[in-house]
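What the coordinates show
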Amino acid sequence: MRLGWLVAIAASVASVTVAGQQLDLSAYAIVDLSHAYGPSTVFWPTSPTKFELEKLAYGKTEGGYFYAANTVRTPEHGGTHLDAPIHFSEGGRTTEQIPLEQLIAPAVVIDVTAHAAKDRDYRATREDVLAFEKAHGPITRGTIVLLRTGWSRHWPNARAYLGDDTPGDASKLSFPSFGPDAARLLVDERGIAALGVDTASIDFGRSTDFQVHRIAAARNVPGFENLTNLDRLPPRGALVVALPMKIEGGSGGPLRAVALVPK
Ligand SMILES: [Zn+2]
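Residues numbered from 1 in each chain as written. Predicted model: local features only at pLDDT ≥ 70, side-chain atom pairs only at ≥ 80, totals over all residues. Heavy atoms only, no water.

Overview of the overall build of the protein chain
What counts here: Under the scheme used here, helices are H or I runs from DSSP no shorter than 4 residues and strands are E runs no shorter than 2 residues, and both carry numbers assigned from the N terminus. Accessible area is worked out with a 1.4 Å probe on protein chains only. A residue is then buried under 20% of its type maximum, exposed over 50%, and partly exposed in between. Residue contacts follow a heavy-atom distance rule, with two residues in contact if any of their heavy atoms lie within 4.5 Å. Note on areas: Shrake-Rupley with a 1.4 Å probe; residue coverage comes only from the protein chains shown. None of His or the chain ends enter the tally, which takes Lys and Arg as positive and Asp and Glu as negative. Working definition for charges: the position is that of NZ of Lys, CZ of Arg, CG of Asp or CD of Glu.
Looking only at helices and strands, one finds 6 helices and 14 strands in the protein chain. Relative to its 263 residues, the protein chain shows a buried fraction of 45%. A separation threshold of at least 6 residues defines the contact pool for the protein chain, and within that pool the share at least 24 residues apart is 73%. Carbon and sulfur atoms form 55% of the exposed surface of the protein chain, whose accessible area is close to 13700 Å². Here the protein chain holds 26 positive side-chain charges and 28 negative ones, and the gap between their average locations is 4 Å.

Brief notes about the side chain of Thr143
For Thr143, the position within the fold is in the loop between α3 (126–136) and β9 (144–148). Accessibility expressed as a relative area gives 6% for Thr143, which makes it buried. Not counting chain neighbours up to four residues away, the residues in contact with Thr143 comprise Pro106, Ala107, Val108, Ile192, Ala193 and Ala194.

Things to note about the packing of α3 against helix α5 (residues 180–189)
Going by this rule: Comment: axis = line fitted to C-alpha atoms, over the contacting stretch for helices; angle = value between 0 and 180 degrees taken between N-to-C directions. Oblique is the label for any angle not under 35 degrees, not over 145, and not in the 65 to 115 range, which are roughly parallel, roughly antiparallel and roughly perpendicular in turn. When residues are grouped by polarity, Ala, Val, Leu, Ile, Met, Phe, Trp, Tyr, Cys and Pro land in nonpolar, Asp, Glu, Lys and Arg in charged, and all others, Gly among them, in polar.
As a packed pair, α3 and α5 sit with axes 6 Å apart at the nearest point and diverge in direction by 55°. If you check the angle between α3 and α5, you find them oblique. Contact residues: α3 offers Arg126, Val129 and Leu130, while α5 offers Asp181, Ala182, Leu185, Leu186 and Glu189. Of the residues assigned to the contact of α3 with α5, the class counts are 5 nonpolar, no polar and 3 charged.

Here's the deal with the coordination of the zinc ion
Tetrahedral coordination by four donors places them ideally at 109.5 degrees to one another around the metal; octahedral coordination by six donors ideally gives 90 or 180 degrees. As a reminder of what qualifies: Each metal's donors are the N, O and S atoms within 2.8 Å of it, or within 3.2 Å when it is Na, K or Ca, and because water is not part of the set, sites may look incomplete. In short, tetrahedral needs four donors with all angles between 85 and 135 degrees, square planar needs four and octahedral six donors with opposite donors over 155 degrees apart and all other angles between 65 and 115, and whatever is left is irregular.
Donor atoms from the polypeptide that bind the zinc ion are His77 (ND1), His81 (NE2), Asp83 (OD) and Glu225 (OE), placed at 1.9 to 2.6 Å. Around the zinc ion sit 4 donor atoms; with metal-centred angles ranging over 71 to 164°, the donor geometry is irregular. Sequence positions of the residues that donate to the zinc ion give the spacing H-x3-H-x1-D-x141-E. Owing to a relative accessible area of 18%, His77 belongs among the buried residues under this scheme.

Topic: the pattern of salt bridges
Going by this rule: The working definition used for a salt bridge is a side-chain nitrogen of Lys or Arg within 4 Å of a carboxyl oxygen of Asp or Glu.
Considering all chains together, one arrives at 11 salt bridges under this definition. In this structure, the salt-bridge partner of Arg256 is Asp32, at a minimum N-O distance of 2.8 Å. Taken as a pair, Arg256 in strand β14 (residues 252–262) and Asp32 in strand β3 (residues 28–32) lie far apart in primary sequence, 224 residues in all. Exposure remark for Asp32: the relative accessible area of 27% places this residue in the partly exposed category. The salt bridge partner of Arg73 is Glu54, with a shortest N-O separation of 2.6 Å. Of the two residues, Arg73 sits in strand β5 (residues 66–73) while Glu54 sits in strand β4 (residues 52–60), which places them 19 residues apart along the sequence. The structure contains a network of salt bridges with shared partners spanning Glu52, Glu54 and Arg73.

So, the environment of Leu233
In this structure, Leu233 sits in the loop between β12 (223–225) and β13 (236–244). Considered as a pair, Leu233 and Ile104 are 129 residues apart in the sequence and their alpha carbons are 15 Å apart.

A word on the side chain of Asp128
For Asp128, the location among the structural elements is in helix α3. No salt bridge is formed by the buried Asp128; the nearest opposite charge belongs to Arg123, separated by 10 Å. In contact with Asp128, not counting residues within four places along its chain, are Ile110, Val112, His115, Tyr122 and Arg123.

Have a look at this one:
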């Protein structure tokens, strides 16, 4: 019986039965949407700390076997990460309270790379969202909306990526993202699950009032920042799984995001 179970589990690794429907994982390409965390990870210039990995053990033990373990320290907001609603809304959900339905959902990708190539302070507009819907169909409730600016190509060159890399100074940042009108349409009218972007913030770099963060947080809509590989996703049809470290009381957290893209 036990062996039978193991054989069944082994056989089901590449295909999962969900509610009577077969999810055939071999029919999907799995795309990594996260940057790795390491010495070159890009952080906001005012972040007092960065990601640190400290080796506690690495090598052969007295018992003759190999053993490795580390301690990590990291700001919540750096590298590919989640913004929990409480980041910009008192009483908003903290990281561990975000419903999984907002983190695992169908995604659309709005491509503004052409605009961003001409204007590094570009903000996606309401018209960009409406043009997407005209071309690819309506953005429905519970969708994860990803904005593709092409900025990931600058990673991890902080100066090119953020527009300025002066330590302790965030006043001269310059990179594209969502604009408030697009955010209002998506969050307030479409009822989307989450906003994500391949730059450092769901507000553009020059923002001083973080309107998009506040619009999203007010409706308990989380943000995914510093995503990558959005050029490998179709405008519609991918399933995104964006699972942050489940930090109790967190205002965000490191995020491992992947997409299942039909082959
Ligand atoms: Zn953040």
